[in-house]
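Chains, contacts and geometry: an overview
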Amino acid sequence: MSTDPWTTFLQLLESLIVPDWNDLIVLLPLLLVLGVVGPILSLVALMRVRYLVGRRRGRVRSMAAEPVSAPVGADGRPMFPPNVPFCEEHAVIYPPGARSCELDGGELIVRCPVDDAPRPASQQLCRACGTKYVLGAATTAMTIRRSGSPPEGGAAVA
Ligand SMILES: [Zn+2]
Ligand SMILES: [Zn+2]
């Protein structure tokens, strides 16, 4: 009875179809890997690159690593932002932790953020207004946070 052509055809068909599906099912994880994990991995890689680029940009913007020369104002004299150690003689702005000029070892000056009064960088108390502030510790954390996301917007506005 197994010589029935219809049955033979069905068996042939089954032998053709079933292994085919098995192959597809075996391939399914591979397709999943390619279709789902692949994009996720490339996304993660992309985010890592963006994170690294952002971190590098933030480090440059924070100017915490090394001294930079002060920008020159409209009157041709160097400008020093408040609450940042600087050497007036050499027109150099120093990182928050610096206390003396690298060029001549002279004491750095800091301008009070409240009343602009100059004081030695080693002193934490402003003699003019009595404001006490610590250079360094808090400032570095603030600098890193500030340089994280807003630069693009600020640049667009300017
Ligand atoms: Zn100096
Ligand atoms: Zn002051």
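Computed from a predicted structure; not experimentally measured. (Residues numbered from 1 in each chain as written. Chains lettered and ligands numbered in written order. Predicted model: local features only at pLDDT ≥ 70, side-chain atom pairs only at ≥ 80, totals over all residues. Heavy atoms only, no water.)

Looking only at helices and strands, the protein features three helices and five strands. Considering only contacts within the protein whose residues lie at least 6 apart along the sequence, 28% involve residues at least 24 apart. (Helix = DSSP H or I, 4+ residues; strand = E, 2+ residues; numbered from the N terminus. Contact = heavy atoms within 4.5 Å.)

Okay, the packing of aromatic side chains next. Applying the stated criterion to the full structure yields two aromatic pairs. A ring pair is formed by Phe80 and Phe86, whose centres lie 3.8 Å apart and whose planes are at 10°; its orientation type is stacked. You'll find Phe80 and Phe86 in the same group, each marked buried. (Phe/Tyr/Trp six-rings, centres within 6.5 Å; stacked < 30°, edge-to-face > 60°. Buried < 20%, exposed > 50% of the residue type's maximum accessible area, 1.4 Å probe, protein only.)

Counting residues in hydrophobic clusters, the biggest one holds 13 residues, and the most contacted among them are Cys87, Tyr94, Cys101, Leu108, Val110, Cys126 and Tyr133. Setting aside residues up to four positions removed in sequence, Tyr94 forms contacts with Pro67, Val84, Pro85, Phe86, Cys87, Ser100, Cys101, Glu102, Leu103 and Leu108. (Core = buried A, V, L, I, M, F, W, Y, C linked by side-chain atoms within 4.5 Å.)

What follows covers the coordination of the zinc ion (ligand 2). The zinc ion (ligand 2) binds to the protein through Cys112 (SG), Asp115 (OD), Asp115 (OD), Cys126 (SG) and Cys129 (SG), with metal-donor distances spanning 2.2 to 2.7 Å. Counting the intervening residues between successive donors of the zinc ion (ligand 2) yields the motif C-x2-D-x10-C-x2-C. (Donors = N, O, S within 2.8 Å, 3.2 Å for Na, K, Ca; no water.)

Let us now look at the coordination of the zinc ion (ligand 1). Those donors, Cys87 (SG), His90 (ND1) and Cys101 (SG), are the protein atoms that reach the zinc ion (ligand 1), and they lie 1.8 to 2.1 Å from it. Each donor residue of the zinc ion (ligand 1) belongs to the same chain, with the gaps between them written as C-x2-H-x10-C. In this pair, Cys87 is assigned in strand β2 (residues 86-87) and Cys101 in the loop between β3 (92-93) and β4 (109-111), connecting sequence segments 14 residues apart. Residues Cys87 and Cys101 agree in their burial class; the two are buried.

Applying the stated criterion across every chain yields a total of one salt bridge. The residue Asp116 makes a salt bridge to Arg111 at a minimum N-O spacing of 3.0 Å. (Salt bridge = Lys/Arg side-chain N within 4 Å of Asp/Glu carboxyl O.)

All right, on to unusual backbone geometry then. You will see that Asn83, though not glycine, has its phi angle at about 65°, which is positive. Locating Asn83 in the fold gives a position in the loop between β1 (68-69) and β2. Of the residues examined, Asn83 reaches a relative accessible area of 21% and is grouped as partly exposed. Of note in this structure, Ala91 is not a glycine but carries a positive phi near 55°. Tracing the sequence through the fold places Ala91 in the loop between β2 and β3.

Among the surface-exposed residues, Leu32, Val33, Val36, Val37, Ile40, Leu41 and Val44 lie close enough to one another that they form a single nonpolar patch of about 590 Å² accessible area. One can find Ile40 in helix α1 (residues 5-62). The class of Ile40 is partly exposed, set by a relative accessible area of 48%. (Patch = residues over 30% accessible without salt bridge, like charges linked within 9 Å, V, L, I, M, F, W, Y side chains within 5 Å. Areas by Shrake-Rupley, 256 points an atom, 1.4 Å probe, with all protein chains shown as cover.)

What follows covers the side chain of Arg119. Along the polypeptide, Arg119 turns up in strand β5 (residues 118-120). Here Arg119 sits buried without a salt bridge, and the closest side chain of opposite charge, Asp115, lies 8.1 Å off (N-O distance). (Lys, Arg positive; Asp, Glu negative; His and termini not counted.)

On average, residues of the protein score 79 in pLDDT, and 75% of them reach the 70 mark or higher. For the protein, helix α2 (residues 137-146) is the element with the lowest average pLDDT, namely 46, and β2 is the one with the highest, namely 96. Every residue in residues 138-148 is under pLDDT 50, and counting partners more than four places away or in other chains gives six contacts. (pLDDT = per-residue confidence, 0-100.)

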